[in-house]
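# A look at the structure
One letter stands for each residue in the lines below.
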Amino acid sequence: MAAPLETPALFWRVEGSLLNLSAMRPVAFFTWNAHSFAERWTRCGGLALLALVRPFFYAADRVFATRLLHTLLRGVSRDRLDLLGEEYFHYVIKPRLKPAGVARLKETMAAHGPVVLAGQALEHVMRPLAEFLGVDSIVANRLEFRDGRATGRLLEPVVRPRGGFAWLLPGSRDGKLTAAELRRDLGLPDGTRAFESALLPARRTVPRPVRPLVLFDSRSRPEPLSVRQALRGKQILLVGGTGFIGKVWLAKLLTACAEVGRIYLLIRRQRGQSGLNRFERLVAESPVFDALHERYGSRLGQFLAERIEVVEGDVTRLGLGLDPEVAARLGRALDLVLNSSGLTDFNPDLRQALATNVDATVHLLDFLRACDHAALLHLSTCYVVGARDGRVPEELEPDYNPTRVPVFDAEREWQALHGLVRQAELRAESPEVTEELRAEVLKRTDGKDLTPVEIENHLRRYRSRWLRNYLTEMPRRRAQELGWPNTYTFTKSLAESLIAQRGAGLPIAVVRPSIVETSVCEPFRGWNEGINTSAPLSHLLGTYFRQLPTNERKCLDLIPVDLVSRGMLLVAAALVERRHQPLYQLATSASNPCDMRRSIELTSLAHRKHYRAQEGLVHWLRSRFDTIPVSKARYQRLSAPAQKALVQIINRSTAPFLRRPPLERIERTLARVEKLIELYEPFILHNEHVFEADNVELLSRALPPDEQEAFGYDALCVDWWDYWINIHVPALRRWVYPLIEGRPLEARPPRPVEMAAARPAESAPRAGEAPLSPDTPWPSS
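Residues numbered from 1 in each chain as written. Predicted model: local features only at pLDDT ≥ 70, side-chain atom pairs only at ≥ 80, totals over all residues. Heavy atoms only, no water.

## Side note on the overall build of the protein chain
What the protein chain contains, in helices and strands, is 29 helices and 20 strands. Counting every position in the protein chain, which comprises 781 residues, the buried fraction comes to 53%. Contacts spanning at least 24 positions in sequence make up 80% of the contacts within the protein chain whose residues lie at least 6 apart. Carbon and sulfur atoms provide 54% of the accessible area of the protein chain, an area that totals close to 36,800 Å². (Helix = DSSP H or I, 4+ residues; strand = E, 2+ residues; numbered from the N terminus. Buried < 20%, exposed > 50% of the residue type's maximum accessible area, 1.4 Å probe, protein only. Contact = heavy atoms within 4.5 Å. Areas by Shrake-Rupley, 256 points an atom, 1.4 Å probe, with all protein chains shown as cover.)

Pasting the structure below:
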């Protein structure tokens, strides 16, 4: 709510001076764009009826007629009205603004100062208009909302429409209003305070919930924690620095903690390319490091060489694959090891999942025990909890399994999975499987005469595929048997249990983020990468897909990657100072929840905003296809499964007459949709998780005031409407959707970075060039 006016302000009426639109048109626009087709026709029927009877109510009581008109918006969400208000302004109001009226308004503002814009439209339409005109406050009609849905009731005061002959009155075209005239129109009593309930800020505001943290034990109150002081001069080994989270964390560390000591990056040699060359290429090509390029320009290689050392190794091998001398040197120097590596495919080959998610963790624990004083920050995921409901506390349990099998032992399970791999490899070479694969080869080659060498080549390829499929399906079944939704969460949970057992007595903190998604501001607004999170599902909702099986009350726990980066820096500082907790969860479901119903609608609205700006019938149709949450039974009865069954019947019935099924491509598409929904069901339909994140919030509140802006962790700052519509989905459309659709990403100019050339002897500044230091100022924008 706007603050009381300290001095009399000038009011300006929209209708007549700037526009000739009636109040009926925005409501009709909102009504037609209601959530579903059924709602649209029901509301439009009501609108047609009101169009007939409204003149009689209008003649009797204009306030009552205005209230009656807006009852049609009952049940429409605030999110939808906010977006439709922007859309209505951009495509309807803006082209019809009177240039002379806008010019008079600008002249008045220049001569007399701030102006309050008054109009009979809803605040959702008036706000974008006011922002466009440079006005800070408005007076508009406001709907009452409960749980984010309009009740259809207008709040006081109601801005009633003007009379039929209002245009004859003096000043009707000028637009200026005195406070007394506006007070009379609104039916408000005398006094400046009467305007407090009517004045609204022009910018969209979001109520910020207050979530106090109560500590009953005074001994647990956190001491002040300075991230910069804790990490000053410290030696850090980053494992997984080429991944999505690792790159963002490294960029944040280099920009916000300039006094950190040496940063070691463990990067394996790949396809003949050294670890150093891989990192140089990463810095040259990744948008994450754009800010560093702007700051240091051609001297970026020198800056990185002074702070970073790339060590070649492989975390999946014993001793991290390090040279013994390098391992001994690191063991003496390191203060912190940060492991952000991991295989995030939901159901990968078990050999890869074990090597990256479990074996690598065991190797890091062995390395940590050999270090003099290093601590370990291990990145996991909140979804290791598997199939369970309710609040998830920040507790690290050894031998955890969601089904609570009492005889479950993580160590034995890990060894059994390795045994399964060995058995599968032996079985793939067995005579039975060989004969089965040979028969498949002959069937696929249509009985062609093949030489023994050709047959062996086919067998080798088929055997590799058989083994890969077997080692993908078997661990998935085992994971679901124990209560995990997929192999990824299963192996990540095994790693946590092994940390709890083998890491006893070592300084270790496990960090569990939820679904890590697009950045809000760091390294820049709207950065995302990879297709293993919610991107495929979001992409599906931007097509003609309509019915998503989900529990609309369930919270989809997304967290921006820059919040995760801040949380990891806080935990790293706590680890170095040995004041850490065993487990930290980085999530939003407990403090700033966004349920599935709202997530689906916001995704659809973001797609609508994009398609509405495009031309053509296809884009117009897609902008009208909103996905809705439905039950699993309705999805199976009316959506992809039923549609695929119908298409299969058509294809089979035409098989005797046509060489290729006419709907073969549609059948494959529906099969992919069905598989995708099945893959995401544990996250959108089952398991109502609420992840507590108190430990990291306590660390954030212990920061000194001068570090709150740089390192503060605040999940309440995320405005989900703005995040989904203006940040997240546009970022996916720029960085991720092209990969899903098989298109190249946008081309970026080459900017080579050579760290190898920046040797100590060559690091002196050239003539006339300032020496490079952490305090080198950022270029002016």
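That covers the picture; the talk isn't over yet.
## Remarks on the pattern of salt bridges
In total, this model carries 44 salt bridges according to the counting rule given. The residue Asp79 makes a salt bridge to Arg598 at a minimum N-O spacing of 2.7 Å. Of the two residues, Asp79 sits in helix H4 (residues 78-96) while Arg598 sits in helix H21 (residues 596-612), which places them 519 residues apart along the sequence. Residue Asp79 is classed as buried on the basis of its relative accessible area, which comes to 7%. (Salt bridge = Lys/Arg side-chain N within 4 Å of Asp/Glu carboxyl O.)

## Let's talk about the packing of H21 against helix H28 (residues 720-735)
To characterise two packed helices, one gives the angle between the axes of the helices and the distance between these axes. The geometry of H21 relative to H28 is characterised by a closest axis approach of 9 Å and an angle of 60° between their N-to-C directions. Considering the angle they form, H21 stands oblique to H28. At the point where H21 passes H28, the crossing takes the right-handed sense. Along the contact surface, H21 presents Arg598, Ser599, Leu602, Thr603, Leu605, Ala606, His607, Lys609, His610 and Tyr611, while H28 presents Trp720, Trp721, Trp724, Ile725, Asn726, Val729 and Arg733. (Axes fitted to C-alpha atoms, helices over the stretch in contact; angles between N-to-C directions. Parallel < 35°, antiparallel > 145°, perpendicular 65-115°, else oblique. Left-handed = near helix turned anticlockwise from the far one by under 90°.)

## Considering helix H26 (residues 694-701)
Across the eight residues of H26, six count as buried, placing the element largely inside the fold. Taken together, the buried positions of H26 are Asn695, Val696, Glu697, Leu698, Leu699 and Ser700.

## What about the packing of H4 against H21?
Contact pair H4 / H21: the axes reach a minimum separation of 10 Å and the direction vectors enclose 10°. For the element pair H4 / H21, the angle class is roughly parallel. Only Arg598, Glu601, Leu602, Leu605, Arg608, Lys609 and Arg612 of H21 make contact with H4, whose side of the interface consists of Asp79, Arg80, Leu83, Leu84, Glu86, Glu87 and Tyr91. Among the residues making up the contact of H4 with H21, the classes are represented as five nonpolar, no polar and nine charged. (Nonpolar A, V, L, I, M, F, W, Y, C, P; charged D, E, K, R; others polar.)

## Details of unusual backbone geometry
Residue Glu156 is joined to Pro157 through a cis peptide bond whose omega torsion reads -5°. Position of Pro157 relative to the elements: it lies in the loop between strand E5 (149-154) and strand E6 (176-177). A cis amide bond links Glu522 to the next residue, Pro523, at an omega of 0°. The residue Pro523 is located in the loop between strand E15 (515-517) and helix H19 (535-541) in this model. One non-glycine residue, Arg271, lies in positive phi territory at about 55°. Take Arg271: it is sitting in the loop between strand E9 (263-267) and helix H10 (275-285). You can call Arg271 exposed: its relative accessible area is 86%. Of note, Leu320 is a non-glycine position whose phi angle comes to about 60°, a positive value. Summarising the element assignment, Leu320 is placed in the loop between strand E10 (308-312) and helix H13 (324-333). Judged by relative accessible area, Leu320 falls into the buried class, the value being 0%.

## Observations concerning the side chain of Asp79
In this structure the side chain of Asp79 is engaged in a polar contact, spanning 2.7 Å, whose partner is the side chain of Arg598. Ignoring sequence-local partners within four residues, the contact set of Asp79 consists of Arg204, Arg598, Leu602, Leu605 and Trp721. (Polar contact = N/O pair within 3.5 Å; in protein donor to acceptor, adjacent residues only side chain to side chain.)

## Side note on the sheet that holds strand E3 (residues 137-141)
Two orientations exist for strands paired in a sheet by backbone hydrogen bonds: parallel and antiparallel. Pairing within the open sheet is mixed, and its five strands lie in the order E6-E1-E2-E3-E7. Both outer strands of the open sheet, E6 and strand E7 (199-201), are each paired with one neighbouring strand and no more. In this sheet, E6 lies alongside strand E1 (residues 10-13) in antiparallel orientation, the contact comprising two bridges. Paired with Trp12 across the bridge in E6 is Lys176. Helix-sheet contacts for helix H5 (residues 99-112) involve E1, strand E2 (115-122) and E6, and the interaxial angle to E1 is about 175°. (Pairing = 2+ DSSP bridges.)

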